[in-house]
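What the coordinates show
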Amino acid sequence: LFEGTLKKSSTNEARKLDDGSLMEIAKIYPLDAMFDAPEDVPDDVKTNKRYAGVGQYTIGEVVEQVKADYGKIDILVHSLANGPEVTKPLL
């Protein structure tokens, strides 16, 4: 959902940096902060279409992905951006 919104030209103004260039995001990690590990994810969530094709999304899995990409992780900040709980878009 976030990636689709980010690709829209309507977000360009919000992504504009002081030098006029657009902020680029190198990688987006899907994350559901409700679940620490895959075994914590209930079957109805695992089969929900929102999660189809997103890969690993539990806190532990995302930490391991970030470690693999960057070597280690000291702090992980998760911001609720586009979940169904959000009624006003941020971008």
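Residues numbered from 1 in each chain as written. Predicted model: local features only at pLDDT ≥ 70, side-chain atom pairs only at ≥ 80, totals over all residues. Heavy atoms only, no water.

**A look at the overall build of the protein**
For the protein, the helix and strand inventory stands at four helices and zero strands. Mapped in sequence order, the helices and strands of the protein form the string α-α-α-α. Of the contacts formed within the protein by residues at least 6 apart in sequence, a portion of 45% connects residues at least 24 apart. (Helix = DSSP H or I, 4+ residues; strand = E, 2+ residues; numbered from the N terminus. Contact = heavy atoms within 4.5 Å.)

**Describing the packing of aromatic side chains**
Summed over all chains, the structure comprises one aromatic pair. On the numbers, 4.6 Å between centres and 45 degrees between planes, the contact of Y51 with Y57 is tilted. This pair shows no difference in class: Y51 is buried, exactly as Y57 is. (Phe/Tyr/Trp six-rings, centres within 6.5 Å; stacked < 30°, edge-to-face > 60°. Buried < 20%, exposed > 50% of the residue type's maximum accessible area, 1.4 Å probe, protein only.)

**Focus: the side chain of E61**
As for its position among the elements, E61 is in helix α4 (residues 59-70). Buried and unpaired, E61 has K46 as its nearest opposite-charge partner, separated by 9.0 Å. Engagement of the side chain of E61 in a polar contact is seen with the backbone nitrogen of Y57, the distance being 3.1 Å. When neighbours within four sequence positions are excluded, E61 is seen to be in contact with P38 and Q56. (Lys, Arg positive; Asp, Glu negative; His and termini not counted. Salt bridge = Lys/Arg side-chain N within 4 Å of Asp/Glu carboxyl O. Polar contact = N/O pair within 3.5 Å; in protein donor to acceptor, adjacent residues only side chain to side chain.)

**Observations concerning the pattern of salt bridges**
All told, the structure shown has four salt bridges when counted by the stated rule. In this structure, the salt-bridge partner of R15 is E24, at a minimum N-O distance of 3.6 Å. A residue is classified by how much of its surface remains accessible, and R15, at 10% relative accessible area, is buried. A salt bridge links K67 to E64, with the nearest nitrogen and oxygen atoms 3.4 Å apart. Of this pair, K67 and E64 both sit in helix α4, three residues apart, which is roughly one turn of the helix. Residue K67 is classed as partly exposed on the basis of its relative accessible area, which comes to 36%. E64 sits in the partly exposed class, given a relative accessible area of 46%.

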